[in-house]
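Each chain, written out:
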Amino acid sequence: MIQAEIFESPFKGRSLLTWADYTPEEILQFLDYAILVKKQAHAGEIHQRFLGKTIALIFEKRSTRTRSSFETAFGEEGGHPVFMSTADIQLGGKESVKDTARVLGRMFSAIEFRGFKQEHVKQLAEFSGIPVINGLTDDFHPTQALADIMTLQENFGKLKGLKWVFCGDGRNNVARSLMLISAKLGINFSIFSPKELFPPKDIVDSCMGWAEKSGAKITISDEKSVVKGADCLYTDVWVSMGEEALKNERTKLLAPYQVNAELMAATGKKETIFMHCLPAVMGEEVTEDVFESSASKVWDEAENRKHTIKAIMLALI
């Protein structure tokens, strides 16, 4: 009889909707798991820790890194991932999210959801009875945030006390998630954004509270001087999925916040790195010379999506 390996974790059965639900120590434990599975992958080790397990991958939004990470990580561990687009299931249409959750909870070991509403991923977690992982909503992108702090850790050998700056749309799901995880872990985090795109007050207030405990400094500004001293400049596309009609307006508004050689130099540090969650629109949020430079860590960051997602699934499932 073939048996799957046991992965010991104190998080089994929990869901990951945002990192707000986890303590700093718990987040760092997930990071340790990710470092371990990356080391195992690079050593060519083969494990079957999801043997006999299944995961429902619900995608309302297109994806390259998130889908590839979940499918390959789960499959390599001996599990069976099942991809479901909105064309495949009745989620929120003919069948309520609540009812879909109760059906999937009877058939799968876990659920991943990548879509629009945070409320939908919350309902899936509430009614399915199995672990649910937020693969992205309009509000948060927790799996991306873990991959990003892993990339920071690899480049600087530490997290606490580093400074990174998100440049662009300060309201978006990545900016919020980075601010949240930074506030929890004592990483100084700034948003360089037009006032019209500052993040909502409720998430800022929550992050300020966590930052007070961790020693992190959170700054939100439309002044270029905010990038001074940054160890990392981070950006994302100017027009998020579902907001394509705003492209001309956003491009005009965000042009002064482009990450280019001048902005990288404004940090005053030669060691400053560049990160981007991808996909990137060259010549908009970042110039090609920065994107293709030695300072750019986007491919390490993209690879780390897989290792961190595998670690999250191992921890929860």
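Residues numbered from 1 in each chain as written. Predicted model: local features only at pLDDT ≥ 70, side-chain atom pairs only at ≥ 80, totals over all residues. Heavy atoms only, no water.

Draft legend 1. Seen up close, the environment of Gln 118. Relative to the assigned elements, Gln 118 resides in helix H4 (residues 118–128). On the basis of relative accessible area, Gln 118 is assigned to the buried category, the value being 9%. Residues Gln 118 and Asp 139 lie 21 residues apart in sequence; the distance between their C-alpha atoms is 6.2 Å. Among all residues touching Gln 118, those that are not within four sequence positions of it are Leu 17, Thr 18, Asn 134, Thr 137, Asp 139 and Phe 140. (Helix = DSSP H or I, 4+ residues; strand = E, 2+ residues; numbered from the N terminus. Buried < 20%, exposed > 50% of the residue type's maximum accessible area, 1.4 Å probe, protein only. Contact = heavy atoms within 4.5 Å.)

Draft legend 2. Summary view of the sheet that holds strand S2 (residues 80–85). Pairing in this open sheet of 4 strands is parallel, and the strands run S2-S1-S3-S4 from one edge to the other. Both outer strands of the open sheet, S2 and strand S4 (132–136), are each paired with one neighbouring strand and no more. Here the average twist between neighbouring strands, direction ignored, is 20 degrees. The pairing of strand S1 (residues 54–59) with S2 spans 6 bridges and is classified as parallel. Counted as the bridge partner of Ile 55 is Pro 81 from S2. (Pairing = 2+ DSSP bridges. Axes fitted to C-alpha atoms, helices over the stretch in contact; angles between N-to-C directions.)

Draft legend 3. The arrangement of the environment of Ile 218 in detail. Among the secondary structure elements, Ile 218 is positioned in strand S7 (residues 218–221). Among the residues examined, Ile 218 registers a relative accessible area of 9% and is labelled buried. For Ile 218 and Lys 163, which are 55 residues apart along the polypeptide, the C-alpha to C-alpha distance reads 9.7 Å. In this structure Ile 218 touches Met 179, Ala 183, Phe 189, Met 208 and Ala 211, once residues within four positions along its chain are discounted.

Draft legend 4. Quick look at the pattern of salt bridges. Overall, the coordinates contain 17 salt bridges when judged by the stated rule. The partner of Asp 138 in a salt bridge is Lys 61, with the nearest N and O atoms 2.6 Å apart. Of the two residues, Asp 138 sits in the loop between S4 and helix H5 (142–156) while Lys 61 sits in the loop between S1 and helix H2 (65–76), which places them 77 residues apart along the sequence. For Lys 61, a relative accessible area of 6% corresponds to the buried category. When the shortest N-O distance is used, the salt bridge between Glu 284 and Lys 247 registers 2.7 Å. Of the two residues, Glu 284 sits in the loop between strand S9 (273–276) and helix H10 (288–291) while Lys 247 sits in helix H8 (residues 247–254), which places them 37 residues apart along the sequence. (Salt bridge = Lys/Arg side-chain N within 4 Å of Asp/Glu carboxyl O.)

Draft legend 5. Molecular detail of the nonpolar core. Of all hydrophobic cores here, the largest spans 60 residues; its most connected members are Trp 19, Phe 30, Ile 149, Leu 152, Trp 164 and Met 313. In terms of residue count, helix H6 (residues 173–185) provides more of this core than any other element does, 8 residues in total. Dropping the residues within four chain positions of it, Trp 19 is found in contact with Ile 27, Phe 30, Pro 142, Ala 145, Leu 146, Leu 180, Ile 181, Lys 184 and Ile 312. By size, the runner-up hydrophobic cluster in this structure holds 23 residues, among which are Val 226, Val 227, Val 290 and Ala 295. (Core = buried A, V, L, I, M, F, W, Y, C linked by side-chain atoms within 4.5 Å.)

Draft legend 6. Region of interest: the pairing of strand S6 (residues 188–192). Burial within S6 is extensive, with 5 of its 5 residues counted as buried. Here S6 shows no split at all, with Asn 188, Ser 190 and Phe 192 on one side and Phe 189 and Ile 191 on the other all buried. Pairing analysis gives 5 bridges linking strand S5 (residues 163–167) to S6, with the strands arranged parallel. When the bridges of S6 are listed, Trp 164 appears paired with Phe 189. A crossover links S5 with its parallel partner S6, the connecting element being H6, and its sense is right-handed. Pairing of S6 with S7 involves 4 bridges; the strand directions are parallel. Along S7, the bridge assignment pairs Ile 191 with Ile 220. For the crossover that starts at S6, traverses helix H7 (residues 201–214) and ends in the parallel S7, the hand is right-handed. (Right-handed = clockwise from strand over helix to strand, strands pointing away.)

Draft legend 7. Focus on H2. The terminal C-alpha atoms of H2 lie 16 Å apart, and with 12 residues this matches the ideal 16 Å at 1.5 Å per residue to within 8%. Where H2 is concerned, the buried positions are Arg 65, Thr 66, Ser 69, Phe 70, Ala 73 and Phe 74. For H2, the buried positions fall inside an angular range of 130 degrees around the axis, keeping them on one side. Where the residues of H2 are buried, they touch S1, S2, strand S3 (110–114), S4 and helix H11 (298–316). Of the residues flanking the end of H2, it is Gly 78, one or two places downstream, whose phi is positive at about 90 degrees. (Expected span 1.5 Å × (residues − 1). Arc of directions from axis to C-beta.)

Draft legend 8. Broad picture of unusual backbone geometry. A cis amide bond links Leu 278 with the next residue in sequence, Pro 279, at an omega value of 0 degrees. Summarising the element assignment, Pro 279 is placed in the loop between S9 and H10. One non-glycine residue, Leu 136, lies in positive phi territory at about 145 degrees. Tracing the chain through its elements places Leu 136 in strand S4. What makes Leu 136 buried here is its relative accessible area of 4%. Its identity is not glycine, yet Leu 278 carries a phi of approximately 65 degrees, on the positive side. Along the chain, Leu 278 falls in the loop between S9 and H10. Residue Leu 278 is classed as buried on the basis of its relative accessible area, which comes to 11%.

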